[in-house]
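Inside the fold
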Amino acid sequence: MIAFAQIQLGCGETAVCMRCHPERAVSMFPAEQVVAAVGRAAAEWGAGPGPNVSFVGAEPFAHPALVRLVNAAVQAGCERIRLRTDGGALFVGGNAAGVVQAGVRHVELVLLAGDSVTHDGLADRPGLFEAAISGAGAFTEAARVVGEHVSVTGLVRVCRHNAPHLSSAVLALAKAGAVSVLVERAEGFMLPSATLAEALRVATVAGVALHGDGVSPFSAEPWTVREVAV
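First things first, this report covers the structure right here in the doc.

Reading the values: rules and limits
- Residues numbered from 1 in each chain as written.
- Predicted model: local features only at pLDDT ≥ 70, side-chain atom pairs only at ≥ 80, totals over all residues.
- Heavy atoms only, no water.
- Salt bridge = Lys/Arg side-chain N within 4 Å of Asp/Glu carboxyl O.
- Helix = DSSP H or I, 4+ residues; strand = E, 2+ residues; numbered from the N terminus.
- Buried < 20%, exposed > 50% of the residue type's maximum accessible area, 1.4 Å probe, protein only.
- Polar contact = N/O pair within 3.5 Å; in protein donor to acceptor, adjacent residues only side chain to side chain.
- Contact = heavy atoms within 4.5 Å.
- Axes fitted to C-alpha atoms, helices over the stretch in contact; angles between N-to-C directions.
- Parallel < 35°, antiparallel > 145°, perpendicular 65-115°, else oblique.
- Right-handed = clockwise from strand over helix to strand, strands pointing away.
- Pairing = 2+ DSSP bridges.

A few points about the pattern of salt bridges
Tallied over the entire structure, the rule returns eight salt bridges. When the shortest N-O distance is used, the salt bridge between Arg157 and Glu13 registers 2.9 Å. With Arg157 in strand β7 (residues 151–158) and Glu13 in the loop between β2 (10–11) and β3 (27–28), the pair connects residues that are 144 residues apart, well separated along the chain. For the salt bridge of Arg144 with Glu141, the shortest nitrogen-to-oxygen distance reads 2.7 Å.

A closer look at the side chain of Thr85
Checked against the element boundaries, Thr85 lands in strand β5 (residues 80–85). The exposure class of Thr85 is buried, given its relative accessible area of 0%. In terms of polar contacts, Thr85 uses its side chain to reach the side chain of Glu59, at 2.7 Å. Sequence-distant contacts of Thr85, that is, excluding residues within four places in its chain, are made with Thr14, Glu59, Pro60, Phe61, Val107, Glu108, Leu109 and Val110.

Considerations on unusual backbone geometry
For the bond running from Gly50 to Pro51, omega is 5 degrees, close enough to zero to count as cis. In this structure, Pro51 sits in the loop between α1 (31–43) and β4 (52–56). Of note in this structure, Ala15 is not a glycine but carries a positive phi near 55 degrees. Note on placement: Ala15 falls in the loop between β2 and β3.

Thoughts on the packing of helix α4 (residues 116–123) against helix α5 (residues 128–146)
In contact at an axis separation of 7 Å, α4 and α5 are set at 110 degrees when each is read in the N-to-C sense. With respect to their mutual orientation, α4 and α5 come out roughly perpendicular. Where α4 abuts α5, its residues Ser116, His119, Asp120 and Ala123 lie against Leu128, Phe129 and Glu130.

Describing the pairing of strand β6 (residues 106–111)
Across the six residues that make up β6, a large majority, six, are buried. After leaving β5, the chain enters helix α3 (residues 95–102) and then returns to the sheet as β6, a path that is right-handed. In the sheet, β6 pairs with β7 via six bridges, with the strands oriented parallel. Along β7, the bridge assignment pairs His106 with Ser151.

Overview of the side chain of Arg105
Checked against the element boundaries, Arg105 lands in the loop between α3 and β6. For Arg105, a relative accessible area of 17% corresponds to the buried category. Among the polar contacts listed, one links the side chain of Arg105 to the side chain of Glu148, at a separation of 3.4 Å. Those residues in contact with Arg105, other than ones at most four positions away along the chain, are Arg80, Ile81, Val100, Phe139, Glu148, His149, Val150 and Ser151.

Below, the structure is given as structure tokens:
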């Protein structure tokens, strides 16, 4: 099992249901604070492969110092660097190639549904779904060009507004190259058993590992994470 030190880039989360969070506020932490957190995570790393860091929280491509932060992780000796992203900027310009060249080897793509109308509507971001799918492809292609091995995984945040679209989101992530999908339930929300069963069936047929802490019958998250204060 791969362990990650989970480092927040800022307040807020990327690709959330705007019906649940209409007043969502996003702000970025200063680069110096994030760099210091990366340094502490690497210095305090215990046994096992690593150190590894996962940049989470606010959208990484919205942070003005993203390349500097990734470089800091490389300089600190981090073996694996992961970005959790809505994918909206991954397909823009040379962003995919840029993060691969900087040292990112793992992208966790966040989807709310498996089609553009539903996903873009819930995220309140027209064009986001297509950009995310294209971005995942650009990331893997950029890695192929330079001979690097990378991974794409998925995260589906499930609430009462998108529960019927869980299976389609899993399938879309599988088609985008994800090898595993983490299901994260909104606080207090229980997924209908039929929805769980269908999502598991779709994942099995697509050859994708499905996970979700406390989401029966899924196993826990495949990555061991620990929060590092920024």
